[in-house]
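Structural features, examined
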Amino acid sequence: FETRCGLSNGYVTAMRKGYGADKLSNVLTAYPELNRDWLLYNEGEMLNVTEVVEVTEHGTPVYDLDVTCGGRSRPIVFADEHIIGHVNLPNVSPTAAIIRANGDSMEPHIHDGDWIAVREVKNMNVLYYGQVYVVITDELRLLKYLRRDEDEQHYVILRSENKNYDDIRLAKSEIRHLFIVENILSLHIKL
């Protein structure tokens, strides 16, 4: 289970078991659409129903862009010329961007060819360790779990789901853009 905001079930459970007020404040700042009572006590709706999200007439944009579940480098530009369509799907925000995942480093969680809905992280001081992110540097565009480093102020660890890939220790100063994965869109066909 992942919430519509991309928070894992484990993170929500830990929040309900008594994270301090500072952690709650960070979560609600990063995810203002979350209902505080739902987050803490599992009461009411997950999302604030009073908040109005502007929906475009076209739905969520789908880009002809991909992100690597591995180690290849590619630039990424969310420009109109890269939009190949729009979709209206339940629980996918129209303010997100949908891109393709390539490679096997995040399998079995995210498969080669899956589509992911991402939202840019504007505040690099509010990171949710254990969540899946798209990390953009000058040289890399990777889809990885973001893990805490012992020097948390300056570094993060990028971890694959597939144990055949090594962790990558990355200086926070090298990160040019960061996107949290809100949804994983898999297409399974039975023949």
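Residues numbered from 1 in each chain as written. Predicted model: local features only at pLDDT ≥ 70, side-chain atom pairs only at ≥ 80, totals over all residues. Heavy atoms only, no water.

1. Remarks on the environment of arginine 147
What counts, and what does not: Every helix listed is a DSSP run of H or I at least four residues long, and every strand listed is a run of E at least two residues long, numbered separately from the N terminus. Each residue gets one of three labels from its accessible area relative to the maximum for its type: buried under 20%, exposed over 50%, partly exposed in between, using a 1.4 Å probe on protein chains only. Working rule for contacts: check all heavy atoms of both residues, and any pair within 4.5 Å makes them a contact.
Take arginine 147: it is sitting in strand E6 (residues 141–148). Look at arginine 147 and you get partly exposed, because its relative accessible area is 34%. Sequence spacing of arginine 147 and leucine 158 is 11 residues, and the spatial spacing of their C-alpha atoms is 6.2 Å. The contacts of arginine 147, once residues within four sequence positions are left out, are Tyr129, Gly130, Val156, Ile157 and Arg159.

2. A look at the environment of serine 105
Position of serine 105 among the secondary structure elements: in the loop between strand E3 (97–103) and strand E4 (115–120). Separated by 57 residues in sequence, serine 105 and asparagine 162 have C-alpha atoms that sit 4.9 Å apart.

3. Some details on the packing of aromatic side chains
For clarity, the cut-off: Put simply, two rings from Phe, Tyr or Trp (the six-membered ring, in Trp's case) pair if the centres are within 6.5 Å, and we call them stacked under 30 degrees between planes, edge-to-face over 60, tilted for the rest. A ring is scored as having a charge over it whenever the NZ atom of a lysine or the CZ atom of an arginine sits within 6 Å of its centre and within 35 degrees of its normal.
Tallying each qualifying case throughout the model produces zero aromatic pairs. Over the face of the ring belonging to tyrosine 165 we find lysine 144, whose NZ or CZ atom lies 5.3 Å from the ring centre. Of note, arginine 169 hangs over the ring of tyrosine 155, and the distance from its end group to the ring centre comes to 3.8 Å.

4. Some details on the environment of asparagine 91
Of note, asparagine 91 is situated in the loop between strand E2 (83–87) and E3. In sequence terms asparagine 91 and asparagine 183 are 92 residues apart; their C-alpha atoms lie 8.1 Å from each other.

5. Concerning the pattern of salt bridges
We count it as follows: For salt bridges, the criterion is a side-chain nitrogen of Lys or Arg within 4 Å of an Asp or Glu carboxyl oxygen.
Following the criterion strictly, the structure yields six salt bridges and no others. Between arginine 119 and glutamate 182 there is a salt bridge, with the nearest N and O atoms lying 2.7 Å from each other. Taken together, the residues span a long stretch of sequence, with arginine 119 in strand E4 and glutamate 182 in strand E9 (residues 177–185) at a distance of 63 residues. Linking glutamate 152 and arginine 148 is a salt bridge whose minimum nitrogen-to-oxygen distance equals 2.8 Å. By relative accessible area, glutamate 152 is classed as partly exposed at 33%. By relative accessible area, arginine 148 is classed as partly exposed at 45%.

6. Section: the side chain of threonine 137
What counts, and what does not: Polar contacts, as counted here, are pairs of nitrogen or oxygen atoms within 3.5 Å of one another; within protein the pair requires one atom able to donate a hydrogen and one able to accept it, and residues that are adjacent in sequence qualify only if both atoms are side-chain atoms.
One can find threonine 137 in the loop between strand E5 (132–136) and E6. The class of threonine 137 is buried, set by a relative accessible area of 12%. Within polar-contact distance, the side chain of threonine 137 engages the backbone nitrogen of glutamate 139 at 3.1 Å. Only 2.8 Å separates the side chain of threonine 137 from the backbone nitrogen of leucine 140, close enough to count as a polar contact. The residues contacting threonine 137, other than those within four sequence positions of it, are Leu170, Glu174, Ile175 and Arg176.

7. Points about the nonpolar core
Selection rule: Remark: nonpolar core denotes a set of buried residues (Ala, Val, Leu, Ile, Met, Phe, Trp, Tyr, Cys) joined through side-chain atoms within 4.5 Å.
Ranked by internal contacts, the top residues of the largest apolar core, which has 17 residues, are Ile99, Ile116, Val118, Val134 and Leu143. Of all the secondary-structure elements, those providing two or more residues to this core are strand E1 (60–69), E3, E4, E5, E6 and E9. One finds Tyr128, Tyr133, Leu146 and Ile175 within the second-largest nonpolar core, a separate group that totals 15 residues.

8. Concerning unusual backbone geometry
The omega torsion across glutamate 107 and proline 108 is 10°, close enough to zero to call that bond cis. With respect to the helices and strands, the residue proline 108 is situated in the loop between E3 and E4. Backbone geometry places asparagine 91, a non-glycine residue, at a positive phi of 70°.

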